[in-house]
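Residue strings, one per chain:
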Amino acid sequence: MKDLADDFAFDTDLKPEVQAFFDDATNTISYVVKDPTSTACAVIDSVMDIDYAAGRITYEQADAIIAFIEENGLDLEWLIETHVHADHLSAAPYIQQRLGGRIGIGEHITTVQETFGKIFNEGTEFQRDGSQFDALFKDGDTYQIGNMTVIAMHTPGHTPACMTHVVGDTGFVGDTLFMPDGGSARADFPGGDAGELYDSIQKVLALPDETRLFMCHDYGPNGRDIQWQTSVAAEKAHNIHVGGGKTKAEFVAYRTERDAGLAVPRLIIPSLQVNMRAGEMPPADDAGDVFFKVPINKL
Ligand SMILES: [Fe+2]
């Protein structure tokens, strides 16, 4: 396993400013991360609101992020998707249309597009080459937010395209980890792999101990309040699935058994159809109307 912590100079003196936006409909946390030395910022994992029963899309969550960026006079440079989410819809194109910036995701999005292009019986007009995104990150790629250098680490297992983005003393882990008392995300989606997830988590835990880790989800286990920030040291010591030196075999056995009992996420069908298109809705029909497909007995 390539250990990126050896190849990249992690500058833990650099402390990006992080603003969280919690979506209580999907328990997703979106972030605005700002360069402390400039007006540059990025948005991580934005959320589009959906009333699935009504087939209605709105933008309260995204509008709150846009208002924050505008009120603080920030310049949006990137819209990052840590992965193709199965539980909420991205609002990246909506925010990009208003504020600019480039939409980036891991290069293995192409694997996800192949898989779900088939499941949703998409025609040839649905490109499986990631071209809907402005940037596809390889493991170890770096990019700038103002004067800050971000490194994208490939952390597959939950999905094949998952990336963890590390900037200064801050890591955005997507669904590679949950808070210590939440453990880890499921690894049973098509292309997911519990063993890979364990290896990816070790890559994150190899970051400097003081690295601040920001979660994409929190469900407030055992009735505690919602939290989204922890540290490498806290995860190493206390994570209920991987902390305290749990072995890969222990993790894979636990994760596999647990995943077998989990229900399919409520919004997986609309989420995948939007998120595999970089947050765009499926193409409209001749009358200009937009529909989701519901594949029967495919998920
Ligand atoms: Fe996820």
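Above: the structure in question.
Residues numbered from 1 in each chain as written. Predicted model: local features only at pLDDT ≥ 70, side-chain atom pairs only at ≥ 80, totals over all residues. Heavy atoms only, no water.

Chemist: Pulling in residues and values, what's your account of the overall build of the chain?
Modeler: A tally of helices and strands in the chain yields eight helices and 14 strands. At 18 Å, the chain has a C-alpha radius of gyration in line with the 19 Å of a compact globule built from 299 residues. Seen through its principal axes, the chain has C-alpha atoms that stretch 55 × 50 × 40 Å. The proportion of buried residues among the 299 residues of the chain is 53%. Here the contacts in the chain between residues at least 6 apart in sequence split such that 67% fall between residues at least 24 apart. (Helix = DSSP H or I, 4+ residues; strand = E, 2+ residues; numbered from the N terminus. Rg over C-alpha atoms; globule rule 2.2 N^0.38 Å. Buried < 20%, exposed > 50% of the residue type's maximum accessible area, 1.4 Å probe, protein only. Contact = heavy atoms within 4.5 Å.)

Chemist: Explain the coordination of the iron ion to me, using residue names and the numbers behind them.
Modeler: His83 (NE2), His158 (NE2) and Asp175 (OD) make up the full set of protein donors to the iron ion, lying at 2.0 to 2.3 Å. Mapping the donors of the iron ion onto the primary sequence gives the spacing H-x74-H-x16-D. One end of the pair, histidine 83, is in the loop between strand E6 (75–80) and helix H3 (92–99); the other, histidine 158, is in the loop between strand E10 (148–154) and strand E11 (163–167), and 75 residues separate them in sequence. The exposure classification of histidine 83 matches that of histidine 158, with both residues buried. (Donors = N, O, S within 2.8 Å, 3.2 Å for Na, K, Ca; no water.)

Chemist: Which residues make up the nonpolar core, and what values go with them?
Modeler: General note: in soluble globular proteins, nonpolar side chains tend to be found buried as a group. Ranked by size, the top nonpolar core spans 38 residues in total, and within it Val32, Val43, Ile69 and Ile95 carry the most contacts. Sorting the residues of this core by element identifies strand E3 (40–44), helix H2 (60–71), E6, H3, strand E7 (102–106), helix H4 (109–119) and helix H8 (268–275) as the ones contributing at least two each. If near-sequence neighbours (up to four positions away) are discounted, isoleucine 95 is found in contact with Val43, Ser46, Ala62, Ile65, Ile66, Leu76, Leu79 and Gly100. (Core = buried A, V, L, I, M, F, W, Y, C linked by side-chain atoms within 4.5 Å.)

Chemist: Tell me about the packing of aromatic side chains, residues and numbers included.
Modeler: Following the criterion strictly, the structure yields 11 aromatic pairs and no others. Relative to tyrosine 94, the ring of tyrosine 59 has its centre 3.8 Å away and its plane inclined at 5°; by these criteria the two rings are stacked. One end of the pair, tyrosine 59, is in the loop between strand E5 (56–58) and H2; the other, tyrosine 94, is in helix H3, with 35 residues separating them in the sequence. The interplanar angle of 50° and the centroid separation of 5.6 Å between the aromatic rings of tryptophan 78 and phenylalanine 137 together place this pair among those described as tilted. Residue tryptophan 78 is located in strand E6, and its partner phenylalanine 137 is located in strand E8 (residues 135–137); the two are separated by 59 residues in the primary sequence. Like phenylalanine 137, tryptophan 78 is buried. (Phe/Tyr/Trp six-rings, centres within 6.5 Å; stacked < 30°, edge-to-face > 60°.)

Chemist: Break down the pattern of salt bridges for me, with residues and values.
Modeler: Taken as a whole and assessed by the stated rule, the structure comprises 12 salt bridges. In this structure, the salt-bridge partner of aspartate 169 is lysine 15, at a minimum N-O distance of 3.6 Å. On the criterion of sequence distance, the pair formed by aspartate 169 in the loop between E11 and strand E12 (170–172) and lysine 15 in the loop between helix H1 (4–7) and strand E1 (17–23) is long-range, its members being 154 residues apart. Take aspartate 169: its relative accessible area is 5%, and that puts it in the buried class. Salt bridges linked by common partners bring Lys15, Asp169 and Arg212 together as one network. (Salt bridge = Lys/Arg side-chain N within 4 Å of Asp/Glu carboxyl O.)

Chemist: Give a detailed account of the environment of methionine 48, specifying residues and quantitative values.
Modeler: Note on placement: methionine 48 falls in the loop between E3 and strand E4 (49–51). The class for methionine 48 is buried, based on a relative accessible area of 4%. Separated by 136 residues in the primary sequence, methionine 48 and serine 184 have C-alpha atoms spaced 24 Å apart. Apart from residues no more than four positions distant in its own chain, methionine 48 is found in contact with Ile57, Thr58, Tyr59, Leu89, Ser90, Ala91, Val274 and Met281.

Chemist: Tell me about the side chain of serine 46, and please be specific about residues and values.
Modeler: Its place among the elements puts serine 46 in the loop between E3 and E4. Reaching out from serine 46, the side chain makes a polar contact with the backbone nitrogen of alanine 92 at a distance of 3.2 Å. Residues in contact with serine 46, not counting those within four places in the same chain, are Ser30, Ile65, Glu81, His88, Leu89, Ser90, Ala91, Ala92 and Ile95. (Polar contact = N/O pair within 3.5 Å; in protein donor to acceptor, adjacent residues only side chain to side chain.)

Chemist: Tell me about the sheet that holds E12, and name the residues and values.
Modeler: Taken in spatial order, the six strands line up as E9-E10-E11-E12-E13-E14 in an open sheet, and their pairing is mixed. Only two strands of the sheet have a single neighbouring strand rather than two, namely strand E9 (142–145) and strand E14 (229–231). Ignoring strand direction, the axes of neighbouring strands in this sheet form an average angle of 30°. Sheet topology note: the E12/strand E13 (residues 212–214) ladder contains three bridges and is parallel. Looking at the pairing, glycine 171 lines up with leucine 213 of E13. (Pairing = 2+ DSSP bridges. Axes fitted to C-alpha atoms, helices over the stretch in contact; angles between N-to-C directions.)

Chemist: Hey, could you go over unusual backbone geometry for me, with residue numbers and the actual values?
Modeler: Comment: phi is negative for the bulk of residues other than glycine, and the bulk of peptide bonds are trans. Positive phi, normally seen in glycine, also occurs at asparagine 121, with a value near 50°. Locating asparagine 121 in the fold gives a position in the loop between H4 and E8. Its relative accessible area of 64% is what places asparagine 121 among the exposed residues. You will see that asparagine 297, though not glycine, has its phi angle at about 60°, which is positive. Looking at asparagine 297, the relative accessible area reads 76%, which means it is exposed.

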